[in-house]
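# Structural characterization, general
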Amino acid sequence: MNTVNAKNCPYDLSPETLKTGSIFGALSTSSIEYLVHRGDLIELKAGEQLFKDDDKGDNFYVIIEGTLCYYRDSDDASSLIRRVSFGQALGYVTMISLSSRNGHAVAETDSVLLKIDYNVFGEFHDRFAFDFGILILNLSRDMARNVQVLSRTLADAGISVDLSKH
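The notes below deal with the structure included here. Predicted, not measured: the structure shown is a model, and the values here were computed from it.

## Some remarks on helix H5 (residues 129-156)
With 28 residues, H5 should reach 40 Å at 1.5 Å per residue; the first-to-last C-alpha distance of 40 Å fits that figure. Turning to H5, its buried residues number three or more, namely Asp131, Phe132, Ile134, Leu135, Asn138, Leu139 and Asp142. Directly after H5, the chain includes Gly158, whose backbone phi takes a positive value near 75 degrees.

Structural data, given as structure tokens:
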């Protein structure tokens, strides 16, 4: 895992390109530039692990390039929960829920991610309140789509879940 300098980054970090991803859609150019320059750009090689089970969940990542897989382990099996690619977020749920990671993420391909920690997230709220609202909507929409897929998968597998007990 390497940190990449945004100023001499060989990847397309232009707001025009990033806006085509679901997380940055409809954000202002200046707010995207702020996140790119205040966040950390992380480069992973294929097969490299981003985080592991029980790591602190104090940040989330937006995929700039490449694909990552998020797995959840149980007993002796590892299950693919989701695959994320350009413009999608990974790790947002644990940051918002103030919990540790409950799975592990591995780069499926060489990848570049924008890491947004809770400090940058808070600063973004203070400096770009309107765009922060849009970002929350984009992150929520992404999360809602994932919940729909997971609930359909559970129903198709005949698995019942009583969330009132959690």
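## Some remarks on the sheet that holds strand S5 (residues 68-74)
Backbone hydrogen bonds are what pair the strands of a sheet, in a parallel or an antiparallel way. Sheet architecture is open: four strands sit in the order S3-S8-S5-S6, paired in antiparallel fashion. This sheet does not close on itself; its edge strands, each paired only once, are strand S3 (49-51) and strand S6 (77-84). Taken pair by pair, the neighbouring strands of this sheet meet at an average axis angle of 30 degrees, ignoring direction.

## What about the packing of aromatic side chains?
Evaluated as defined, the whole model comprises 10 aromatic pairs. With a centroid separation of 5.3 Å and an interplanar angle of 50 degrees, the aromatic rings of Tyr34 and Phe128 are classed as tilted. Here Phe128 lies in the loop between helix H4 (118-127) and H5 and Tyr34 lies in helix H2 (residues 29-38), a separation of 94 residues in the sequence. With 6.4 Å between their ring centres and 50 degrees between their planes, Phe124 and Phe132 make a pair best called tilted. According to the relative accessible area criterion, Phe124 is buried, its value standing at 0%. Counting every residue linked through ring pairs, the aromatic cluster contains Tyr34, Phe60, Tyr92, Phe121, Phe124, Phe128 and Phe132.

Cut-offs applied
- Residues numbered from 1 in each chain as written.
- Predicted model: local features only at pLDDT ≥ 70, side-chain atom pairs only at ≥ 80, totals over all residues.
- Heavy atoms only, no water.
- Helix = DSSP H or I, 4+ residues; strand = E, 2+ residues; numbered from the N terminus.
- Expected span 1.5 Å × (residues − 1).
- Buried < 20%, exposed > 50% of the residue type's maximum accessible area, 1.4 Å probe, protein only.
- Pairing = 2+ DSSP bridges.
- Axes fitted to C-alpha atoms, helices over the stretch in contact; angles between N-to-C directions.
- Phe/Tyr/Trp six-rings, centres within 6.5 Å; stacked < 30°, edge-to-face > 60°.

So far we have only geometry, and geometry alone does not tell us how the molecule works.
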